[in-house]
Amino acid sequence: MDNIITIENLTFEYTRGEESDPVKAIDNISLEIERGSFTAIIGKNGSGKSTLAKNLNGLLLPTEGAVYVNGYDTRDDDNIWNVRQTAGMVFQNPDNQLVSAIVEDDVAFGPENLGVDPAEIRRRVDKALEDVNMGQYKKKAPHLLSGGQKQRIAIAGVVAMKPKCIIFDEPTAMLDPKGRGEIMSIIDELHKEGITVILITHFMDEAVRADRVIIMNEGRILLDGTPRQVFRQEELIRSANLDVPLMVEMGAKLRERGIDVPADIITEEKMVEFICQYE
Ligand code: ADP
Ligand code: MG
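Residues numbered from 1 in each chain as written. Chains lettered and ligands numbered in written order. Predicted model: local features only at pLDDT ≥ 70, side-chain atom pairs only at ≥ 80, totals over all residues. Heavy atoms only, no water.

1. Re the environment of phenylalanine 231
Point 1. Mapping phenylalanine 231 onto the fold places it in helix 8 (residues 227-231).
Point 2. Taking the C-alpha atoms as reference points, phenylalanine 231 and lysine 164, separated by 67 residues in sequence, lie 28 Å from one another.
Point 3. In contact with phenylalanine 231, not counting residues within four places along its chain, are Ile42, Met204, Ala207, Val208, Val213, Ile237, Pro245, Val248 and Ile266. (Helix = DSSP H or I, 4+ residues; strand = E, 2+ residues; numbered from the N terminus. Contact = heavy atoms within 4.5 Å.)

Here it is in structure tokens:
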């Protein structure tokens, strides 16, 4: 298997000064992410998702163990630009990610920092804005845009750096349903274009779109598999204080009423197909 990220026995502790005890946010995780894959990570608040994400692009460095991004050890100072360029990050709040007064300058900020030449930057900015359907907003001021549009600009800024992998940390959490839908289609498109996607989310309907779902609990991995493999473990998921996707819940309720819905139905599409055979 060709892995873009390899995590070996990663432990991460936050230290808040001499008096207080360190907080162990990641507890001995080993994990591999295949190049070109789409992985969703879910888990309740405080389970360590954001800490893991920040360890994947060198924003945080392992307390113990190691993280390799495209073969580069994140602990080695000389690798930091290669690591950041390989693995881009999109955060929850678009307001904290936008830095310029004009959309196109904002998108250019990342590639400028990487030392890309001006003509190439202009090409990348145009292409990235097209990718997120924001081409016509090039000259606008980001603060006049909606939350969803701002998040699309933040994504364009990452795309313009040509990362091989993008880690999205709850990118739709602050958006309305329409904005969420648009961001999810863009994520699907980027994945289709070959970018490795890691999506941290608390929306189960977003997680079912991935090839692989990882459930975190208290700094460890509770479940890891295809969406079908993971979401049929209804009891274990509920034990981690998480909901299961609506269609999994519906399947379970229908089975209680004597209707033999297969346990691997986790999407609306498959549920509709199943129900329609009974007409
Ligand atoms: P999640 O993203 O799943 O909500 P986090 O990775 O943000 O989880 O947090 C994991 C644990 O680390 C939590 O117990 C949280 O309180 C703690 N933590 C997160 N950030 C910090 C920080 N900057 N300083 C100290 N503890 C932190
Ligand atoms: Mg988080």
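2. With respect to the site of ligand 1
Point 1. Lining the immediate surroundings of ligand 1 are Tyr14, Arg16, Val23, Ala25, Lys44, Asn45, Gly46, Ser47, Gly48, Lys49, Ser50 and Thr51.
Point 2. Contact distances for ligand 1 include 2.7 Å between an oxygen atom and a backbone N or O atom of glycine 46.
Point 3. Contact with the protein chains hides 64% of the accessible area of ligand 1, taken as 560 Å² for the molecule alone.
Point 4. Residue assignment for the shell around ligand 1 shows that the elements contributing at least two residues are strand 2 (23-34) and helix 1 (49-55).
Point 5. For the shell around ligand 1, the leading source of residues is helix 1, giving three residues.
Point 6. When its residues are assigned to classes, the shell around ligand 1 shows three nonpolar, six polar and three charged. (Near = heavy atom within 4 Å. Polar contact = N/O pair within 3.5 Å; in protein donor to acceptor, adjacent residues only side chain to side chain. Areas by Shrake-Rupley, 256 points an atom, 1.4 Å probe, with all protein chains shown as cover. Nonpolar A, V, L, I, M, F, W, Y, C, P; charged D, E, K, R; others polar.)

3. A short note on the domain arrangement of the protein
Point 1. Here the protein is described as being made up of domain 1 (3-239) and domain 2 (245-279).
Point 2. If you average the C-alpha positions of domain 1 and of domain 2, the two centres end up 32 Å apart.
Point 3. At the interface, eight residues of domain 1 touch nine residues of domain 2.
Point 4. Note on domain 1 versus domain 2: buried area summed over both sides is about 770 Å², and carbon and sulfur give 67% of it.
Point 5. Between the two partners, domain 1 and domain 2, sit one salt bridge.
Point 6. The partner of arginine 228 in a salt bridge is aspartate 264, with the nearest N and O atoms 3.5 Å apart.
Point 7. Every element with two or more residues in the side of domain 1 that touches domain 2 is listed here: helix 8 and helix 9 (234-239).
Point 8. If you tally residues by element for the side of domain 1 that touches domain 2, the top one is helix 8, at three residues.
Point 9. Classifying every residue of the side of domain 1 that touches domain 2 gives four nonpolar, no polar and four charged. (Domains from an automatic or database assignment. Buried area = accessible area lost by both parts, 1.4 Å probe. Salt bridge = Lys/Arg side-chain N within 4 Å of Asp/Glu carboxyl O.)

4. Some thoughts on the pattern of salt bridges
Point 1. Applying the stated rule across the entire model yields 20 salt bridges.
Point 2. We note a salt bridge from glutamate 234 to arginine 238, for which the minimum N-O separation is 3.2 Å. Placement of the pair is glutamate 234 and arginine 238 together in helix 9, with a separation of four residues, close to one helical turn.
Point 3. It is possible to trace a salt-bridge network through shared partners that takes in Lys24, Asp27 and Arg220.

5. A closer look at the sheet that holds strand 5 (residues 72-73)
Point 1. Reading across the sheet, the four strands line up as 2-1-4-5 and stay open at both edges, with antiparallel pairing between neighbours. Each having just a single partner strand, strand 2 and strand 5 make up the two edges of the open sheet.
Point 2. In this sheet, strand 5 lies alongside strand 4 (residues 64-69) in antiparallel orientation, the contact comprising two bridges. Residue pairing across strands places valine 69 opposite tyrosine 72, the latter belonging to strand 5. (Pairing = 2+ DSSP bridges.)

6. Quick look at unusual backbone geometry
Point 1. For asparagine 9, which is not a glycine, the phi torsion comes out positive at approximately 45 degrees.
Point 2. In this fold, asparagine 9 is placed in strand 1 (residues 3-14).
Point 3. The phi dihedral of asparagine 28 is positive, around 60 degrees, even though this residue is not glycine.
Point 4. Following the sequence through the fold, asparagine 28 ends up in strand 2.
Point 5. On the basis of relative accessible area, asparagine 28 is assigned to the partly exposed category, the value being 44%. (Buried < 20%, exposed > 50% of the residue type's maximum accessible area, 1.4 Å probe, protein only.)

7. Re the packing of helix 3 (residues 103-113) against helix 5 (residues 147-159)
Packed helix pairs are characterised by how far apart their axes lie and by the angle those axes make with each other.
Point 1. Relative to each other, helix 3 and helix 5 sit at 35 degrees, their axes nearing to 7 Å. Of the two possible hands of crossing, helix 3 and helix 5 adopt the one that is right-handed. Facing helix 3, whose interface residues are Val103, Asp106, Val107 and Pro111, helix 5 presents Ile153, Ala156 and Gly157.
Point 2. The residue inventory of the contact of helix 3 with helix 5, partitioned by class, reads five nonpolar, one polar and one charged. (Axes fitted to C-alpha atoms, helices over the stretch in contact; angles between N-to-C directions. Left-handed = near helix turned anticlockwise from the far one by under 90°.)

8. Focus on the sheet that holds strand 7 (residues 165-169)
Point 1. One open sheet accounts for six strands, arranged 6-7-8-3-9-10; its pairing is mixed. This sheet does not close on itself; its edge strands, each paired only once, are strand 6 (87-90) and strand 10 (220-225). Averaged over all pairs of adjacent strands, the angle between their axes in this sheet comes to 20 degrees, without regard to strand direction.
Point 2. Sheet contacts for helix 5: strand 6 and strand 7; angle to strand 6, the most-contacted strand, approximately 170 degrees.
Point 3. Where helix 6 (residues 177-192) meets the sheet, its contacts fall on strand 3 (38-42), strand 7 and strand 8 (196-200), and the angle it forms with strand 8 comes to roughly 150 degrees.

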